[in-house]
Amino acid sequence: QVQLVESGGGLVQAGGSLRLSCAASGRTFSSVAMGWFRQAPGKEREFAAAISWSGGNTYYADSVKGRFTISRGNARNTVYLQMNSLKPEDTAVYYCAADGGGSWPKKHEYEYDYWGQGTQVTVSS
């Protein structure tokens, strides 16, 4: 069992930046990938970014590529999402996710086993 807790969401003006954090805890933790997904009101949850456990691989959705950066903390059970040049269309609840194994890459919701509660990001125009 793995628990994920996101933080860092908030209200920001278009063009601004936010840094989201995700802390993972549990009796044991083994993950091929950790990722960020987002869900806007009335929309389905969509993939934003993922990072591999040990390979240093990252993968981004086209919608965030060049603006968002996913990274791991030194503890390796934390992940960050640095969001720059934010746009109103980035407004969503952002969820941290971790898989329970398998192979890289993972960019689909069904490929992840553990989810945080989400943190709201609102970008005003």
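So, how was this worked out
Residue positions are given per chain, counting from 1 as you read along its sequence in written order. Confidence filtering applies because this is a predicted model: local features only for residues at pLDDT of at least 70, side-chain atom pairs given and counted only at 80 or more, and all residues used for totals across whole chains, interfaces and linings. Computation of side-chain values: all heavy atoms of the structure, hydrogens and water removed. A pair of cysteine sulfur atoms is labelled a disulfide when the two atoms are within 2.5 Å. Strands are runs of DSSP state E lasting at least two residues, helices are runs of H or I lasting at least four, and both sets are numbered from the N terminus onward. Per-residue accessibility, obtained with a 1.4 Å probe over protein chains only, is compared with the maximum for each type, and a residue is labelled buried under 20%, exposed over 50%, and partly exposed between these values. By definition here, a salt bridge exists when the distance from a side-chain nitrogen of Lys or Arg to a carboxyl oxygen of Asp or Glu is within 4 Å. For two strands to be treated as a pair, DSSP must find at least two bridges joining them. With axes taken as lines fitted to C-alpha atoms, and helix axes fitted only over the stretch in contact, angles between N-to-C directions fall between 0 and 180 degrees. Nine residue types can take part in a nonpolar core, namely buried Ala, Val, Leu, Ile, Met, Phe, Trp, Tyr and Cys, and a core is a set of them joined through side-chain atoms within 4.5 Å. For the purposes of these results, a polar contact is taken to be a pair of N or O atoms within 3.5 Å, where, inside protein, one atom must be able to donate a hydrogen and its partner to accept one; residues adjacent in sequence count only when each atom of the pair is a side-chain atom. Residue contacts are counted whenever heavy atoms from the two residues lie within 4.5 Å of one another.

A. Region of the structure containing the state of the cysteines. Within the structure shown, the criterion is met by one disulfide. Through a disulfide, Cys22 is tied to Cys96; the S-S separation comes to 2.0 Å. One quick way to see it: the torsion about the S-S bond of Cys22 and Cys96 is about -80 degrees, and its sign makes the bridge left-handed. You can see Cys22 sitting in strand 3 (residues 18-26) and its partner Cys96 sitting in strand 9 (residues 92-98), a full 74 residues away along the chain. In this pair, the class of Cys22 matches that of Cys96, namely buried.

B. Structural view of the pattern of salt bridges. Scanning the entire structure with this criterion turns up six salt bridges. Of the charged contacts, one joins Glu109 and Arg45 as a salt bridge, the two residues approaching to 3.8 Å between their closest N and O atoms. Within this pair, whereas Glu109 is found in the loop between strand 9 and strand 10 (114-115), its partner Arg45 is found in the loop between strand 4 (33-39) and strand 5 (46-52), the two being separated by 64 residues in sequence. Taking the relative accessible area as the measure of exposure, Glu109 reaches 38% and is therefore partly exposed.

C. Layout of the sheet that holds strand 7 (residues 68-72). Sheet architecture is open: four strands sit in the order 1-3-8-7, paired in antiparallel fashion. Since the sheet does not close on itself, it has two edges, and those belong to strand 1 (2-7) and strand 7, each with one partner. For this sheet, the mean inter-axis angle between neighbouring strands, taken without regard to orientation, is 15 degrees. Pairing of strand 1 with strand 3, which is carried by six bridges, proceeds in the antiparallel orientation. Following the sheet pairing, Val5 is matched in strand 3 by Ala23.

D. Molecular detail of the nonpolar core. Counting residues in hydrophobic clusters, the biggest one holds 33 residues, and the most contacted among them are Trp36, Leu81, Met83 and Tyr94. Counting only elements with at least two residues in this core, the list comes to strand 1, strand 3, strand 4, strand 5, strand 7, strand 8 (78-83), strand 9 and strand 11 (119-124).

E. Region of the structure containing the side chain of Ser52. Along the chain, the position of Ser52 falls in strand 5. For Ser52, the side chain forms a polar contact with the main-chain nitrogen of Gly56, separated by 3.0 Å. Looking at Ser52, its side chain comes within polar contact range of the main-chain nitrogen of Asn57, at 2.9 Å. Once residues lying within four places of it in the same chain are set aside, the contact partners of Ser52 are Val32, Ala33, Asn57, Arg72 and Trp104.

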